[in-house]
Amino acid sequence: MPFTTIDPRTALIVIDLQKGIAALPPQELARPAIANAVKLIETFRANRRPVVLVNVLGGAPGRIDRTSSGDRPADWAELLPELGYAPDDIRLSKKTWGAFTGTGLDARLRDLGVTGVVVSGIATSRGVESTARFAHELGYNVALPVDAMADIDPEAHRRSVDLTFPWIAETGTTDELIALIK
């Protein structure tokens, strides 16, 4: 179902579009999502709406079955250069899947009067879904442009889009969302 409306005070939250994560396979799924996220960033900046650029530095504490192994390159957490940076952008680093836990993001958005969020990035089933779930629980109107996100597991992406997102957000394409902003 396409988007119905976008709140006048909506922020864009871009999740984990950083060198180390974007370099993971499959590249053919990440490239279009990154290009669409860049279109969203440009649109939000041009319309003077908040842009939040998020990278991940590590994982939450606690025991888990799966861990990433090996050393990461020094630039692993650097945001992709094509995202650019504007002085008004909010940049934050996280250590959990979602962008709200332990980052102060909710307070910053509330200070700006934000009532809605658009979430994009990598990975759909982790960072994007976790951020969208928290945003929904915090009372934000959530919009998810599904072509501006990707997952290393296409089935996990599909499950998030088909099974979870309709319960917490409106979904559609990047172009549909941009048409509502202009």
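The paragraphs below set out a description of the structure included in this document.

Cut-offs used in this document
- Residues numbered from 1 in each chain as written.
- Predicted model: local features only at pLDDT ≥ 70, side-chain atom pairs only at ≥ 80, totals over all residues.
- Heavy atoms only, no water.
- 1 Å grid on protein atoms, 1.4 Å probe; cavity = no way out; pocket = protein on both sides within 12 Å on 5 of 7 lines; lining within 4 Å.
- Points joined across faces, edges and corners; volume = space filled by probe spheres on them.
- Nonpolar A, V, L, I, M, F, W, Y, C, P; charged D, E, K, R; others polar.
- Core = buried A, V, L, I, M, F, W, Y, C linked by side-chain atoms within 4.5 Å.
- Buried < 20%, exposed > 50% of the residue type's maximum accessible area, 1.4 Å probe, protein only.
- Helix = DSSP H or I, 4+ residues; strand = E, 2+ residues; numbered from the N terminus.
- Contact = heavy atoms within 4.5 Å.
- Salt bridge = Lys/Arg side-chain N within 4 Å of Asp/Glu carboxyl O.

Take the layout of surface pockets next. By volume, the second largest pocket amounts to about 220 Å³. Around the second largest pocket, the lining residues are Arg 9, Phe 44, Arg 45, Arg 48, Arg 49, Pro 50, Val 51, Ala 86, Asp 88, Asp 89, Ile 90 and Leu 112. Of the residues assigned to the lining of the second largest pocket, the class counts are six nonpolar, no polar and six charged.

Judged by nonpolar contacts, the single largest core of 32 residues is most densely connected at Leu 17, Leu 83 and Leu 177. If you list the elements that add at least two residues to this core, you get strand E1 (10–15), helix H1 (19–22), helix H2 (27–46), strand E2 (51–56), strand E4 (116–122) and helix H6 (174–181). With eight residues, the top contributor of residues to this core is H2. Once you skip the residues sitting within four places of it in the chain, Leu 177 turns out to touch Phe 3, Ile 6, Leu 40, Phe 44, Val 118 and Ala 143.

Pairing between side chains of opposite charge can happen when their charged atoms approach one another. Scanning all chains against the criterion turns up nine salt bridges. Residues Lys 94 and Asp 16 are paired through a salt bridge, measuring 3.1 Å at the closest nitrogen-oxygen approach. In this pair, Lys 94 is assigned in strand E3 (residues 90–94) and Asp 16 in the loop between E1 and H1, connecting sequence segments 78 residues apart. Taken individually, Lys 94 and Asp 16 each receive the classification buried, so the pair is uniform in this respect. The salt bridge partner of Asp 175 is Lys 39, with a shortest N-O separation of 2.7 Å. Of this pair, Asp 175 sits in helix H6 while Lys 39 sits in helix H2; the two residues are 136 residues apart in sequence, bridging distant segments of the chain. When its relative accessible area of 49% is taken as the criterion, Asp 175 is described as partly exposed. For Lys 39, a relative accessible area of 32% puts it in the partly exposed group. Salt bridges here are not isolated pairs; linked through shared partners, they connect Lys 19, Asp 75 and Glu 78.

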